[in-house]
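Summary of the model geometry
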Amino acid sequence: QVHLVESGGGLVQPGGSLRLSCAASGSIFSIFVIGWYRQAPGKQRSVVADRRKDSSIRYANYVEGRLTISGDNAKNTVYLQMDSLKPEDTAVYYCYAEVKDRRDNTLSSFWGQGTQVIVST
């Protein structure tokens, strides 16, 4: 089993910044993909950004350079630096990972519990 624990959400004014963190722990042999999705009220969950084992990075089109994903492979941790936040960035942000289990070499997907980000005056 793998656990993803997010932190760093909260209330911020428009134009402000937040940094989200996600730490993966458990039976990890290797992480193939780790990143962030978000779900706003009444909308589907969609990808924000992710990092792959080959070091490639994917961003959603709306990121526009405001959000930056980074990671610490040694700590199995991924970060999302969010700058110039807008009210439309308000959502629950979920950490997501595709992990190969060290016990049986199976590849499975895991989600964190989510962290709320509210951008408002």
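Preceding this section is the structure that the text describes.
Our subject in this report is the structure included herewith. (Residues numbered from 1 in each chain as written. Predicted model: local features only at pLDDT ≥ 70, side-chain atom pairs only at ≥ 80, totals over all residues. Heavy atoms only, no water.)

1. Digging into the state of the cysteines
Applying the stated rule across the entire model yields one disulfide. Paired through a disulfide, C22 and C95 show a sulfur-sulfur distance of 2.0 Å. Its S-S torsion of about -80° marks the bond between C22 and C95 as left-handed, since a negative value means left-handed. Here C22 is found in strand β3 (residues 18–26), whereas its partner C95 is found in strand β9 (residues 91–101), with 73 residues between them in sequence. C95 matches C22 in its accessibility class, with the two residues each being buried. (Disulfide = S-S within 2.5 Å. Helix = DSSP H or I, 4+ residues; strand = E, 2+ residues; numbered from the N terminus. Buried < 20%, exposed > 50% of the residue type's maximum accessible area, 1.4 Å probe, protein only.)

2. A few points about the packing of aromatic side chains
Taken as a whole, this structure holds four aromatic pairs when the rule is applied. Consider the rings of Y37 and Y96, whose centres lie 5.4 Å apart with planes at 65°: the pair is edge-to-face. Of this pair, Y37 sits in strand β4 (residues 28–39) while Y96 sits in strand β9, and the two are 59 residues apart along the sequence. Here the two residues Y37 and Y96 agree in accessibility, since each one is buried. When the ring of Y37 is compared with that of W111, the centres are 5.0 Å apart and the planes differ by 75°; the resulting orientation is edge-to-face. Here Y37 is found in strand β4, whereas its partner W111 is found in strand β10 (residues 107–111), with 74 residues between them in sequence. Assessed through its relative accessible area of 37%, W111 is described here as partly exposed. Here the aromatic cluster, defined as three or more aromatic residues joined through ring pairs, consists of Y37, Y94, Y96 and W111. The ring of Y79 has R19 lying over it, and the distance from NZ or CZ to the ring centre is 4.0 Å. (Phe/Tyr/Trp six-rings, centres within 6.5 Å; stacked < 30°, edge-to-face > 60°. Lys NZ or Arg CZ within 6 Å of the ring centre and 35° of its normal.)

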